[in-house]
Structures are given as structure tokens and as C-alpha cells.
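This is what each chain is made of:
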Amino acid sequence: FVSVNSKMPTNKDGKEKKDYYAILGVSRTATPSEIKQAYHVLALKYHPDKNPGNAEAAELFKDVGEAKAVLCDPNRRHTYDTMGDGDIAESDRVDLESVPFTGKVLLSFLNKVGIAMPTAVNPRVLGEAQESNFQAITIKLDAAPLECTTEKQKATFFKLTVDDPAAHTGICVRVHSPSKSRFKLLSFQQGQLGQQEDSADAIPGTKPGTYACMYFSSFDNYRHDTSPATQTMMRAQGDEKDVPVVFKQLDTYLPANYTGLQPGEHLFAVFSDNYFLKAKYTIQARRCVPTVVPDIQEVEKKLWEKKNSLQEFESEYLKVREAFMKAEKKVEEETSEVTKLLKERDDLYLQYAHLKPVEKRDRESAGP
């Protein structure tokens, strides 16, 4: 296992973000069983009973427990993978099926005004996947988009067979809703939820609506979550500093958990996240274009470097801005004082020239 002291970059308050994957010594694509196995080994190693009076071991025992709790919960793990912050992952996502009608009306209104509450995949759907209690629709590589409808808070399952050439080139699974339905694209491994992508507004230059994509490739890549729920969580961090948008644009740009798919059959699902209506969408799986990979890697590397440099520059910017604001306030005060003194001087000369009645002045308050 790697060092359990591994940390992620600091957040806006300078607090270190814990890397739960490094704490447990597992990869970002680790299955729930691999995570639990790693936890049991480390929990036994750092258990207080085996390390009496050892404060460092007690803290490490706490860290591995915290990491296991987040990474073994599909919804909290998704939040953590998206935000890269364990504190945010502790917050619960809303299970819409348990929300009463009036609550859904309120949530729907908030969504329309730009406050999208983070929602959870219904536990019933996760249970169906684990128990294989579903009928899956077959989708074929490079076939035309398949039109589908899914009832609210339910899931439609799809199975995709991948051959050797496709596994080598990489695969993109894309869901698109022209009617702007809310949904989650899910992938499963041995009945366990692997990855999930929340629907987001379509990228400029593509068909309008909402979409979600998963890229399964053999190279390390990154994901940038721009879904409304993620943006709401970003605003809920309590960061009151008003800074240029560029400092926040890459906050959810993080290493992806995707790996290349092995040849064979794979399971996906689309979970309807609508409040009242069915989700209407198309789903399509296509082979990727491998010749573009070097360019993708180059741009993504630059973005990752830019993210890190912007974190440093933001601290510098805030210090300079604070100094500028103090200087600006000083300028306003000096301007007001000079304007007041010039007016006082003009009035005195008018009195001196018999152009204005002489006023009795308190010389102490008037200054030297």
C-alpha cells in the first residue's frame, strides 16, 4: 500500500484535502470489494488496541475509516470524485422518491432558478443491479442512437458487447435529451455501481438539450463536471470571496476513474432524475478515434498544470486585491479631505475679500 499520509491539494481555506484512494492504497477505479479489503488490512494495522497511546496511529485509523465510509457509498463516492473534497462528500444527496409532492414542487422551482439540489441514485435501482433483477436493452457499437423513455426515479438498463478492436481504440457512451430531461448515466461492474455522470447542458456547437458522456479509454484522462447539481455544491462551499470566474472554472477538473473496457458484455443504465415527468432521451455507443489521443493528453496536461498554477495565483491575487482595496479606500479618504480643505480655503478668501460674511471659527478644530 502507498503512504496513508497522501494528501490532495488544499481547498480555498488552505485546508488540506485528503486523498481517500491514497489513504487506502487503492486505485481510483477500485471496486467496493477491493476498497473493503484494503480497509480491513489498514484498520487492523492502526487499530487503537494494537497501538495504545499512539496518537498518530489513532489519527490514521480515523482516516481509513473515513475513507472507507465515503468510497463504499456510491452516491458519496460520486460526490467525492466530482469535488475532490471529503468534507463535501459527507453531505447527503436527496433521494427524490422519498420527497413529498410539495417538496418536489419546491425543488423543481429551485432548479428552474439555477439552484439544482444534488440527488442520489435510488437504492432500489442499485439493488436491481446487484441482484440482476432487470431486463436489459441491447445497444450495439456504432449503431444509430436508440430512442428511450424512462419513468421518473426508475432506471432503464442497457447491455453492450465490446470486441477486441473496440476495447483497444476506446469507447464513448453518450446519452442526449433534446427535451432537457434530468438523468444520470450509470455503469456497473459485477453488479456494483462503477461510474455515474449527471446530465448537464449540451456543449456549444452540439445539439441543444442535456447530455452525459462516459469515455472508456486505455490512457489516463480527466473529467470536468459542469452539471447544475455540482455547480450548486460548489456555491454551497461557503466561499464568500468574490473572485473572477477563471479561478473557479477548473475546480471540478479532476482525474477520471475510467479505464478501458475489456472485451465482453458490459452493463449501463439511465436513471431518470426528473421531478414529475418521464425522461426522454437517446443513447448511443461508439468507437473513439485513437489518432486524437495525443492531442487530448497534451491539452488535458496543460489544463491540470493551469489548475495548479491558478490555485497559487488566486492567493496572490487576493492579497494584491486586499492591498489595492485598502489603498483605494485611502485614496477616497484623502480625496474627501483635500476637497474639504480646498472648499474651506475658498470660503476664507471670499471672507477675506469682503465677498462673504466672516464666520467665527474654532481654530483648534480648524487645524494649524
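Our subject is the structure that appears above.
Conventions and cut-offs
Residues numbered from 1 in each chain as written. Predicted model: local features only at pLDDT ≥ 70, side-chain atom pairs only at ≥ 80, totals over all residues. Heavy atoms only, no water. Helix = DSSP H or I, 4+ residues; strand = E, 2+ residues; numbered from the N terminus. Buried < 20%, exposed > 50% of the residue type's maximum accessible area, 1.4 Å probe, protein only. Contact = heavy atoms within 4.5 Å. Areas by Shrake-Rupley, 256 points an atom, 1.4 Å probe, with all protein chains shown as cover. Expected span 1.5 Å × (residues − 1). Arc of directions from axis to C-beta. Pairing = 2+ DSSP bridges. Axes fitted to C-alpha atoms, helices over the stretch in contact; angles between N-to-C directions. Salt bridge = Lys/Arg side-chain N within 4 Å of Asp/Glu carboxyl O.

S.K.: So what about the overall build of the protein chain? Which residues, and what values?
M.R.: Along the protein chain, the regular secondary structure elements total 11 helices and 14 strands. Residues classed as buried in the protein chain amount to 41% of the 368 residues present. Considering only intrachain contacts with a sequence separation of at least 6, the fraction spanning at least 24 residues in the protein chain is 73%. Taken as a whole, the protein chain presents about 21600 Å² of accessible surface, with 55% of it coming from carbon and sulfur.

S.K.: Can you lay out helix H2 (residues 32–46) for me, pointing to particular residues and giving the numbers?
M.R.: Taking 1.5 Å of rise per residue, the 15 residues of H2 would be expected to cover 21 Å, and the 21 Å separating its terminal C-alpha atoms lies within 8% of that figure. Every buried residue of H2 is accounted for by Pro-32, Ile-35, Ala-38, Tyr-39, Leu-42, Ala-43 and Tyr-46. All buried residues of H2 project into a common sector of 130 degrees when viewed along the axis, lining one side. Facing away from the buried side of H2, by more than 90 degrees, are the exposed residues Ser-33, Gln-37, His-40, Leu-44 and Lys-45.

S.K.: Tell me what's going on with the sheet that holds strand S13 (residues 264–272), and back it up with residues and numbers.
M.R.: Reading across from one edge, S3-S5-S13-S7-S8 is the order of the 5 strands in this open sheet, with mixed pairing throughout. Of all the strands in the sheet, just strand S3 (136–139) and strand S8 (192–198) have a single pairing partner and so form its edges. Ignoring which end each strand starts from, the neighbouring axes of this sheet average 30 degrees apart. Of the pairings in the sheet, the one linking S3 to strand S5 (residues 155–162) comprises 4 bridges and is parallel in character. If you follow Ala-136 over to S5, its bridge partner there is Phe-157. Relative to the sheet, helix H7 (residues 123–130) contacts S5, strand S7 (183–189), S8 and S13, its axis offset from that of S5 by approximately 35 degrees.

S.K.: Tell me about the sheet that holds strand S9 (residues 200–201), residues and numbers included.
M.R.: Across the sheet, which stays open at both edges, the 5 strands sit in the order S4-S14-S6-S10-S9 with antiparallel pairing between neighbours. Since the sheet does not close on itself, it has two edges, and those belong to strand S4 (146–150) and S9, each with one partner. Pairing analysis gives 5 bridges linking S4 to strand S14 (residues 279–287), with the strands arranged antiparallel. Of the residues in S14, the one forming a bridge with Thr-150 is Ala-279.

S.K.: I'd like a description of the pairing of S8, backed by residues and values.
M.R.: One face of the sheet, then the other: side chains in a regular strand alternate in exactly this way. The element S8 is extensively covered by neighbouring structure, given that 5 of its 7 residues are classed as buried. As defined by bridge partners, S7 adjoins S8 across 6 bridges and the pair is classed as antiparallel. Along S8, the bridge assignment pairs Leu-185 with Glu-197.

S.K.: Quick rundown of the pattern of salt bridges? Include the residues and the values.
M.R.: Tallying each qualifying case throughout the model produces 17 salt bridges. For Asp-63, the salt bridge is made with Lys-18, and the minimal N-O distance between the two is 2.8 Å. Pair noted here: Asp-63 is in helix H3 (residues 55–71) and Lys-18 is in strand S2 (residues 16–18), with a separation of 45 residues, a long-range link. Neither Asp-63 nor Lys-18 differs from the other in exposure class; each is buried. The salt bridge involving Glu-197 is made with Arg-223; its shortest N-O contact spans 2.6 Å. In this pair, Glu-197 sits in strand S8 while Arg-223 sits in strand S11 (residues 222–224), placing the two residues 26 residues apart along the sequence. For the pair Glu-197 and Arg-223, one class covers both residues: buried. Ionic contacts of the salt-bridge type, sharing partners, join the residues Arg-182, Lys-184, Asp-198 and Asp-273 into one network.

S.K.: Tell me about unusual backbone geometry, and name the residues and values.
M.R.: The phi angle at Ser-132 is positive, at roughly 55 degrees, despite the residue not being glycine. Judged by relative accessible area, which is 53%, Ser-132 ranks as exposed. Phi is positive for Gln-190, close to 50 degrees, though the residue is something other than glycine. Tracing the sequence through the fold places Gln-190 in the loop between S7 and S8. Exposure remark for Gln-190: the relative accessible area of 81% places this residue in the exposed category.

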